[in-house]
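Below, each chain spelled out in residue letters.
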Amino acid sequence: MAQIIFYTKNGCMGGARQKALLESYGHTVEERSLLDTEWTPETLQPYLASLELKDWFNPNAPSVKAGRVVPGALSREETLELLCSDPILIKRPLIDTGSQVFAGFDSEYLKEIGLCEVPSGYNTGCQMKDQGSACSSSEA
């Protein structure tokens with residue numbers, strides 16, 4: 001089983017479900033705060049490398065939802081600087097398995113690399129959205 005470092009927003013219900021699913025497969029999951037980590041372009045970029053630039057963003061971030069930040073509108077360098085300066089914008093979770101790092105909880109990818117199978121109908125996204133409300137914190 002894998003030793004996983006799992007970067008998410010503290011108190012995120014979706015992140016808690018995702019972490020619990022990984023643990024149910026026998027993985028040891030160390031949760032860390034995405035927002036409290038000091039990200040640099042060099043430390044963040046490897047997590048995002050397999051994604052298209054526009055997919056580096058958390059679509060539920062207030063600035064993205066309000067249209068103040070448009071995913072894909074900036075260069076790679078500008079995007080990395082923006083994400084490092086405002087981590088709520090980063091697609092989450094960020095996952096470090098020791099042998100690879102990546103962003104997001106993509107069910108097909110998780111199965112492909114042998115971490116877990118996401119059950120049919122399992123919502124890997126924002127849980128508050130499904131309940132018709134917003135996150136209890138001011139940050140998405």
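All of these numbers come straight from a predicted model, not from anything done at the bench.

Let us now look at the nonpolar core. By size, the foremost hydrophobic cluster in this structure holds 21 residues, and its most contacted members are Trp39, Leu44, Leu83, Leu89 and Leu94. For this core, the secondary-structure elements that each account for two or more residues are β1 (3–8), α2 (41–48) and α4 (76–85). Those residues in contact with leucine 44 that sit more than four places away from it in its chain are Trp39, Leu80, Leu83, Cys84, Ile90 and Leu94. Formed by 14 residues, the second largest nonpolar core is a distinct cluster that contains Ile4, Phe105, Val118 and Tyr122.

The pairing of β1 with strand β2 (residues 28–33) spans six bridges and is parallel. Paired with phenylalanine 6 across the strands is glutamate 31, a residue of β2.

One open sheet holds the four strands; their spatial order is β2-β1-β3-β4, and the pairing between them is mixed. Only two strands of the sheet have a single neighbouring strand rather than two, namely β2 and β4 (101–103). Between one strand axis and the next, the sheet turns by 20 degrees as a mean value, whatever way the strands run. Of the pairings in the sheet, the one linking strand β3 (residues 94–96) to β4 comprises three bridges and is antiparallel in character. Bridge pairing in β4 links leucine 94 to alanine 103. Packed on one face of the sheet, helix α1 (residues 13–24) meets β1 and β2 and runs near 175 degrees to β1.

Per the stated rule, a full pass over the model turns up three salt bridges. Note that glutamate 31 and lysine 19 form a salt bridge whose closest N and O atoms lie 3.5 Å from each other. Residue glutamate 31 is located in strand β2, and its partner lysine 19 is located in helix α1; the two are separated by twelve residues in the primary sequence. Overall, the relative accessible area of 33% leaves glutamate 31 in the partly exposed class. Two residues, arginine 32 and glutamate 30, come together in a salt bridge whose shortest N-O distance is 2.8 Å. The exposure class assigned to glutamate 30 is partly exposed, which follows from its relative accessible area of 41%.

The rules behind these values
- Residues numbered from 1 in each chain as written.
- Predicted model: local features only at pLDDT ≥ 70, side-chain atom pairs only at ≥ 80, totals over all residues.
- Heavy atoms only, no water.
- Core = buried A, V, L, I, M, F, W, Y, C linked by side-chain atoms within 4.5 Å.
- Buried < 20%, exposed > 50% of the residue type's maximum accessible area, 1.4 Å probe, protein only.
- Helix = DSSP H or I, 4+ residues; strand = E, 2+ residues; numbered from the N terminus.
- Contact = heavy atoms within 4.5 Å.
- Pairing = 2+ DSSP bridges.
- Axes fitted to C-alpha atoms, helices over the stretch in contact; angles between N-to-C directions.
- Salt bridge = Lys/Arg side-chain N within 4 Å of Asp/Glu carboxyl O.

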